[in-house]
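Chain by chain, the residues:
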Amino acid sequence: MLNRRQLLALGAGVAAAGAAGPALRAEAADVEPGPYGRAFEALDRYVAQYLAELGAPGLTLALADAGGVRRVVCYGLDEPDGGVPLRTEQLFEIGSISKSFVALCLLQLRDEGRLELSRPVASYLPWLRIESTLGPITVHDLMTHGAGLADGPLFPADPGLVHRPSNPPGRDFHYCNMGWEALGHLLAALDGRRLGDAIRARIFAPLGMSASEPVTTFDARERFATSYLPMLPDRPYPRRGRLVVAPSILTTSAAGCIASTPRDMGRYLQMLARRGATARGRLVSEDGFRLFSTPHLAAAEFGAGAHYGYGIVVDRLDGHARLRHTGGMVSFASALELDQDEGVGVFASVNAMQGVRPRPVAEYALRLMRACRGGGALPELPAAADPLRVARAADYAGRYAGPGGRALEIGAEGERLFLALGGARVPLEPAAEPADAFLVAHPDYAHFLLLFSRADPKDPTSAVLEAGHGEAWYARAAYSGAREFAVPAEWRAYCGHYRSEDPWLGSHRVVARRGRLWLDGVVPLEPAAGGVFYLRDEERSPEWLRFADVAAGLAMRMVFSGADHARVMAA
């Protein structure tokens, strides 16, 4: 359910809470492994390697094909401090993988003649605070993240705020949980039951997913795996940063509401492998499943060649058609992958949110299953990841001069980068996003990533000329542009740290650097009419900021795409 920007704020790292966990494994004994048993040892070794690399507490896993669930297993710890292992019957929050469940419910309504995907969503839900002068927003647009809407609250605190697309609906992919929250209301309105009841009746009951919860509430809390989040959530998260136990949350939005067990997710994978068929008949019509798995809209955010279907990513792996999605919750990270051509699928989930999802595990397991079906050699164990490896490290090495005699000295040694600081060499850790950004393992650099800029931002091989950290700007001697910058005086009131205690929103910092405002030091802001600033980490992003309630020269409130954040009155 987390969007890309929220994951970016976590940085690249993971934590050391469960370093002892990989030696522990609990496996359901009543599952027929089929032809895949010979791959289990290799898969176990890779999961152990993966969890050790990340320091993640634990991981739960399901393998399935069209014939049934083939493995149900969990690794590592539920409570690292007490050495308590995970159990296969525990619930994991699956996050945005829930969108595929909601999509299938909506396609069932289409099969029943109760829903037209090409119809404007406002004709079904006239109370929505969504208006468009750029063309109608259809159900299809919301199901493909193509509505052109910012990902704010569906019901913002400002009663006068109306969501409007900044791009024509249907043109661009922009991930929008808010649109899926609206689709949950659409499902409930047409089905006549609450969202959770509709999912339970339409998906869980036919598939035998009796252990799953369609919405996350406190009622089933004792059945959930203990989960973890960063101890310091207001800054980029370094590899092996410290985790703490996450509080219970309540999530009833269709964008990411389901909690499930690995066995139940195996049953869901089996249905996907059978293209919507079950032992009792079809869950959705053949045409409905075709629409579900059609690559409707290019979605580069999910990788080269990726498209979005209805609640599912559609692409290819090793030439095979693939369906996949990830799920990012406050304290869980999940991945689902299905090879459509071979009819095999994998679900994996980690009981911590650390800025990454377990896609490497799911992808390797998918390749192992495919090899077993074909009788060929098993793929080699993926190489251990090096968290400090920097491609083209020499590009960044050199001296960067800043105002007032300040400077950065960056050194390269093979595929490593270091910042010279107080006689020490501080390693730089590449961030997951954006490109050319690094975590610096030093308290003075904890709040922001160190962002380098190239001569041609679209050419990853062009010369690195500038660096920025927070409000500080530096340039190499080869830089020939302006070195003096100014911003409008009123913008100074906007700089600072803003926070929402909503766990989905958290902290953001606004700084002035190089003549413009930046969000979290890495996302440039573009001023527009009415005091609005658009985020420009994407060329046509609809996400926006506005500042309000200036007191004693400081804005006390930042509105992020409709969501309020309060200024933190501290250094």
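Residues numbered from 1 in each chain as written. Predicted model: local features only at pLDDT ≥ 70, side-chain atom pairs only at ≥ 80, totals over all residues. Heavy atoms only, no water.

Brief notes about the nonpolar core
Counting residues in hydrophobic clusters, the biggest one holds 64 residues, and the most contacted among them are Phe101, Tyr268 and Phe292. Those elements that place two or more of their residues in this core are strand E2 (58-65), helix H3 (98-111), helix H4 (139-143), helix H5 (177-191), helix H6 (195-207), helix H7 (262-273), helix H8 (286-292) and strand E15 (333-339). For this core, the element with the highest residue contribution is H3, accounting for eight residues. Dropping the residues within four chain positions of it, Tyr268 is found in contact with Ser100, Phe101, Leu104, Ile203, Leu207, Met209 and Leu336. In terms of nonpolar packing, the next biggest core, distinct from the first, is built from 34 residues, Leu317, Val346, Ala348 and Val350 among them. (Core = buried A, V, L, I, M, F, W, Y, C linked by side-chain atoms within 4.5 Å. Buried < 20%, exposed > 50% of the residue type's maximum accessible area, 1.4 Å probe, protein only. Helix = DSSP H or I, 4+ residues; strand = E, 2+ residues; numbered from the N terminus. Contact = heavy atoms within 4.5 Å.)

What about the packing of H5 against H6?
Where H5 meets H6, the closest approach of the two axes is 9 Å, and the angle between their N-to-C directions is 75°. Viewed along their axes, H5 and H6 adopt a mutual orientation that is roughly perpendicular. Residues Gly184, Leu187, Ala188 and Asp191 of H5 form the contact with H6, whose participating residues are Leu195, Ala198 and Arg202. Considering only residue class, the contact of H5 with H6 consists of four nonpolar, one polar and two charged. (Axes fitted to C-alpha atoms, helices over the stretch in contact; angles between N-to-C directions. Parallel < 35°, antiparallel > 145°, perpendicular 65-115°, else oblique. Nonpolar A, V, L, I, M, F, W, Y, C, P; charged D, E, K, R; others polar.)

Some details on the pairing of strand E24 (residues 472-475)
Along any regular strand the residues' side chains alternate between the sheet's two faces. Covered by surrounding structure in E24 are Ala472 and Tyr474 together with Trp473 and Ala475, the residues of both alternating faces. Pairing of strand E23 (residues 464-469) with E24, which is carried by four bridges, proceeds in the antiparallel orientation. From the neighbouring strand, His469 faces E24, where its bridge partner is Ala472. The turn joining E23 and E24, which pair antiparallel and follow one another in sequence, is formed by two residues; a positive phi near 60° is taken by Gly470. (Pairing = 2+ DSSP bridges.)

Considering the packing of H3 against H5
Where H3 contacts H5, the two axes come as close as 10 Å, and the packing angle between them is 40°. Considering their axes alone, H3 and H5 lie oblique with respect to each other. Between H3 and H5 lies a crossing of left-handed hand. Within the contact between the two elements, H3 uses Lys99, Val102, Ala103, Cys105, Leu106 and Leu109 and H5 uses Asn177, Trp180, Leu183, Leu186, Leu187 and Leu190. (Left-handed = near helix turned anticlockwise from the far one by under 90°.)

Some points on the environment of Gln354
Note on placement: Gln354 falls in the loop between strand E16 (344-350) and helix H9 (359-374). On a C-alpha basis, the gap between Gln354 and Pro230 in space is 7.0 Å, while along the polypeptide they are 124 residues apart.

What about the packing of aromatic side chains?
The full count for this structure, using the stated rule, is 22 aromatic pairs. Centroid distance Phe101 to Tyr268: 3.8 Å. Interplanar angle 10°. Geometry classified as stacked. In this pair, Phe101 sits in helix H3 while Tyr268 sits in helix H7, placing the two residues 167 residues apart along the sequence. The same class applies to Phe101 and to Tyr268, which are both buried. With a centroid separation of 5.7 Å and an interplanar angle of 80°, the aromatic rings of Phe438 and Phe452 are classed as edge-to-face. Note that Phe438 is positioned in strand E21 (residues 437-440) and Phe452 in strand E22 (residues 450-454), a separation of 14 residues in sequence. Residue classification places Phe452 among the buried positions, given a relative accessible area of 3%. These aromatic residues form a ring-pair network of at least three members: Trp491, Tyr494, Tyr498, Phe533 and Phe547. Between Arg119 and the ring centre of Tyr124, over which it is positioned, the NZ or CZ distance is 4.1 Å. The ring of Trp518 carries the charged tip of Arg516 above its face, separated from the ring centre by 6.0 Å. (Phe/Tyr/Trp six-rings, centres within 6.5 Å; stacked < 30°, edge-to-face > 60°. Lys NZ or Arg CZ within 6 Å of the ring centre and 35° of its normal.)

Read these as spatial facts, not as claims about activity.
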